[in-house]
Amino acid sequence: MKPTPRMLLCCGLAFGAACGDDARESATESLTSTSPTTTATDGTPTSTEAGSDAGTGTASDSQPTTTTQPSGTDGTDSTTAEPVCPADCADHGGICTGGECCPTEDRACGDTCCPEGGFCSFNTCVTPGNACIDASECADDEYCEYSLGEPEMMGGMCQGGVTPATGKCLPSPPVCLDGQDPGDPPTCLSKCEYKPPPGAFTPVVKYHWDKGDVMMTPIVVQLDDDNCDLIVDERDIPEIAFSTFDNGDYQNNGTIHAISIVDGQIVEKWTYFDAVDPIAPGRELAGGDIDGLPGNEVVASTTTGKIVAFRGDGTVLWTSPAQGSGVFVSITDLDQDGIPEVLTPSAVLDGKTGAIETMLPGSYVNTAADLDGDGQLDIVHSRGAYNAAGGVLATTGLEGSWSAVADLDLDGKAEVATIANGGPLLPHHLIIWRHDPMAANGAQILRAGIDINGALSPDLCPVGSAGNTNGGGPQTIADFNGDGTPDVAVAGGVGYAVFDGKKLMDPNVPDAETFLWIKQTQDCSSAATGSSVFDFDGDGSAEVVYSDETTLRVYKGSDGTVLWSTCNTTGTLVEYPLVADVDGDGHADIVAVSNDYSGLTCEGTKQTGVRIFGDSLGTWVRTRRVWNQHTYHVTNTEEGGVTPTIEAANWKVPGLNNFRQNVQPEGEFAAPDLIVDLRLQCAPEAYGLTARVRNIGEASVPVGVPVYFYEGDPDSGGVLLGMGVTTKVLYPAEAEEVVLVLPNPPPGVVDGSSVVWVVVDDAMPMHAWHECRVDNNRASGTGKCPRPPG
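Residues numbered from 1 in each chain as written. Predicted model: local features only at pLDDT ≥ 70, side-chain atom pairs only at ≥ 80, totals over all residues. Heavy atoms only, no water.

When helices and strands are tallied, the protein shows 4 helices and 51 strands. Per-residue burial for the protein yields a buried fraction of 59% across its 790 residues. Accessible surface, the protein: about 29200 Å² in total, of which carbon and sulfur atoms supply 52%. (Helix = DSSP H or I, 4+ residues; strand = E, 2+ residues; numbered from the N terminus. Buried < 20%, exposed > 50% of the residue type's maximum accessible area, 1.4 Å probe, protein only. Areas by Shrake-Rupley, 256 points an atom, 1.4 Å probe, with all protein chains shown as cover.)

Take the state of the cysteines next. In this structure the tally under the stated criterion is 12 disulfides. C89 shares a disulfide with C101; S-S distance 2.0 Å. Residues C89 and C101 are joined through a disulfide that is right-handed, its torsion about the S-S bond being 85 degrees. Note that C89 is positioned in the loop between β1 (37–39) and β2 (95–97) and C101 in strand β3 (residues 100–102), a separation of 12 residues in sequence. Each disulfide pairs two cysteine sulfurs, and for C461 the partner residue is C524, the sulfurs being separated by 2.1 Å. A torsion of -85 degrees about the S-S bond marks the disulfide between C461 and C524 as left-handed. Of this pair, C461 sits in the loop between β33 (443–451) and α2 (466–469) while C524 sits in the loop between β37 (515–520) and β38 (531–534), placing them 63 residues apart in sequence. (Disulfide = S-S within 2.5 Å.)

As a further point, take the nonpolar core. Note on soluble globular proteins: their nonpolar side chains tend to be buried together. Ranked by size, the top nonpolar core spans 37 residues in total, and within it I240, F242, I256, W270, L285 and F310 carry the most contacts. Considering each element in turn, this core owes the most residues, 4 residues, to strand β16 (residues 255–262). In this view, I256 contacts F242, S243, W270, T271, Y272, I279, L285, A300 and F310; residues no more than four positions away in its chain are not counted. Counting residues in each nonpolar core, the second largest holds 25 residues, with L674, V676, A691 and V705 among its members. (Core = buried A, V, L, I, M, F, W, Y, C linked by side-chain atoms within 4.5 Å. Contact = heavy atoms within 4.5 Å.)

With that settled, consider the packing of aromatic side chains. The final tally for this structure, using the stated rule, is 19 aromatic pairs. Ring centres 4.5 Å apart and planes at 40 degrees place the aromatic pair F499 and F515 in the tilted group. One end of the pair, F499, is in strand β36 (residues 495–499); the other, F515, is in strand β37, and 16 residues separate them in sequence. The buried category is assigned to F515, whose relative accessible area is 16%. Each ring, one from Y576 and one from W627, has its centre 6.1 Å from the other, and the planes form 65 degrees; the classification is edge-to-face. Pair noted here: Y576 is in the loop between β41 (562–567) and β42 (578–580) and W627 is in the loop between β44 (609–615) and β45 (674–683), with a separation of 51 residues, a long-range link. Exposure class is identical for Y576 and W627. Each is buried. Through a chain of ring-to-ring contacts, three or more aromatic side chains come together here, namely F201, F534, F536 and W620. Geometry around Y731 places R235 over its ring, the cationic atom sitting 3.6 Å from the centre. (Phe/Tyr/Trp six-rings, centres within 6.5 Å; stacked < 30°, edge-to-face > 60°. Lys NZ or Arg CZ within 6 Å of the ring centre and 35° of its normal.)

Taken in spatial order, the 4 strands line up as β48-β47-β50-β51 in an open sheet, and their pairing is antiparallel. Among the strands making up the open sheet, the edge pair consists of β48 (719–725) and β51 (778–782). Strand-to-strand twist in this sheet, taken as the mean axis angle between neighbours without regard to direction, amounts to 20 degrees. With 5 bridges joining them, strand β50 (residues 755–760) and β51 adopt antiparallel strand pairing. Directly across from V758, in β51, lies its bridge partner A779. (Pairing = 2+ DSSP bridges. Axes fitted to C-alpha atoms, helices over the stretch in contact; angles between N-to-C directions.)

Burial along strand β24 (residues 347–350) is two-sided: A347 and L349 facing one way and V348 and D350 facing the other are all buried. Strand direction decides the pairing type here: strand β23 (residues 341–343) and β24, joined by 3 bridges, are antiparallel. Counted as the bridge partner of L343 is V348 from β24. In textbook terms, the turn of a hairpin is the stretch between consecutive antiparallel strands, and for β23 and β24 this stretch comprises 3 residues. Of the strand pairs in this sheet, β24 and strand β25 (residues 356–359) are connected by 3 bridges, and their pairing is antiparallel. Residue V348 lies in a different strand from β25, and its bridge partner there is T358. Counting the residues in the hairpin turn of β24 and β25 gives 5 residues, including G354, whose phi is positive at 85 degrees.

Time to look at the environment of V774. Relative to the elements of secondary structure, V774 occurs in the loop between β50 and β51. Along the chain, V774 and D761 lie 13 residues apart, while their C-alpha atoms are 8.2 Å from each other.

This part takes up the pairing of β16. With 7 of 8 residues buried, β16 is to be regarded as a mostly interior element. Of the strand pairs in this sheet, strand β15 (residues 239–244) and β16 are connected by 6 bridges, and their pairing is antiparallel. Counted as the bridge partner of E239 is S260 from β16. One ladder, built from 7 bridges, connects β16 with strand β17 (residues 265–272); its direction is antiparallel. Across the sheet, the residue bridging to V262 is Q265, located in β17. In sequence, β16 turns back onto β17 through a hairpin of 2 residues, with D263 there showing a positive phi of about 55 degrees.

Treat this as a map of the structure, not an account of what it does.
Written out as structure tokens, the structure reads:
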């Protein structure tokens, strides 16, 4: 690690305030503009291109410089001297910059001192803009600079019980060009990536909620204000919502639970139980902003087929008329008016009120996609599709239970993969079709029914069981073999099969030869469980996450090799494990459910509840903090839970063309890059050392980053003075000050005879996130406060 001896020579003792307070006061006085302005270091206005959070001058820079000019033609001496920095500049808490005494280092910007009220950000003078609690309150090209605001205080009204720290909006710095070093001080954000090394797939249980039986797919969505910025968005830690059942009765007496991971612990946010019209515990939930007001809601079905919408705090928003049995819900904005609809098998409901907008001709599990390319969403089901108004768009004439949409031949038009499960003609089969207005009934059949069991015998399940006669659960679509073409995967009663997308779309390939691979499994009870997929190592080939009646497995997408497995018992309905970042640590997590409903065991054991698995080495790549419904596809929801008014066609978005696969927001290998400055707190009543920790990487870093203060170089026997931790998620460009108060500081620290060192993120103990570089994680300087002016 190289030392970075940037520091702030503090305010005089007579000021009676912490270092930098005068800069914050000046910034506060300048808040008459609604957005920041920038000035280049030569003093001329400019657009924001680069900057630094601190100047580079120190006390050693305070040497006057003069330039002698030739005498004038009138015989007078035209020698002019540049400004001379006072010799006692540093003693009064200033810093020599460009030959003048700049009052604070926050205003020292290269060889320029920013004007009063200005701030040096990434080597550019800027005038701070609006006050902010979070960057969401700033413009899209701004970030929230917390060193210019007020600290966090206890006693507030948000979920965390505190009044949040505030800052000022500043222009976002540029991203460094390829190969460009950010510099010291930095002038741009690092082109920052961390690629996990190849190695073993080693999941571990991070959290386990074990207070009930679960046999449905949870959802992951933000419901409350965890970070106290007074809004609910993707910067909050999401809730995991799910339903439990009691005494083996998975059709009745359901209870909804909303839990979250706060400070490394499971926190139960709320529960809901209604003895009169219970929640149907085996049916699926959906989550998102359905009423157009800030915050997200949860939608569930009752045992009588009614739909109930819950606000983020668990109170009931509305209850709809009965929708029939077997209700599955999803959320989409069909009419593109900014207020989403709730889609049930038989109706379209208004998201604000639950009123029926449109009755549908059939009763199927529905999803939304623009099949005909007219810019309007259609309602796609397993046997055809309706337009947004409920009119019939296509009918396959074939059996079907589940549908998923993607562009399997990469021609820009969508295909529908349908699973038939239990019909008299197609009891366990895959069908591929597309909408074609010129075809009979608007549907062109590409594959009329591939037996998903392949060479596996249905006799692997007992005669008379569902797995012996039927098979096929909710399918996934992803690129499993890394060839750039999406493939289709499905779990049946006796096996898990992946079908090669290129072969599926080649009419010359027989049905039996379209398999990429198939592995024997055991789901004899429902034969209808689902799965999800995720590219954990970012190599372009997706892994499969699947649980049958006894075992949770992760398969290698290209060939079906079992990368990892663990016991996970369930009686099985149509549930599946999912992948999302549920604790905000910048890495993907697996969320799996289990129950002891059936008589089945795994190695003599049974499991219950919800388990969250993460990689023990912290090598899994990033992913979104949302999985909002059973028919999840990335373009259906923003990460904060908002449903897009106009949903992009998933298959046309680069990097997507998938279904039930989570992905990485922005760069999958993006990583944080932390730097630190040493500053002082020189108030008479509270001497202390301050570390300003800034993230100049491209990905956020979670709370709890350790910061250590030493007297002397820690690599040469330096003595630890103390430590602190960051308390905010630091997004790119953001900084937080960590203060170590020293009531009785060592004499060598206060008189400057000892060098003070500060180290951020020494990787001990090991944590789940990784910086792209760690050779810039320390700074050193003096702990001697300047003398008061006078």
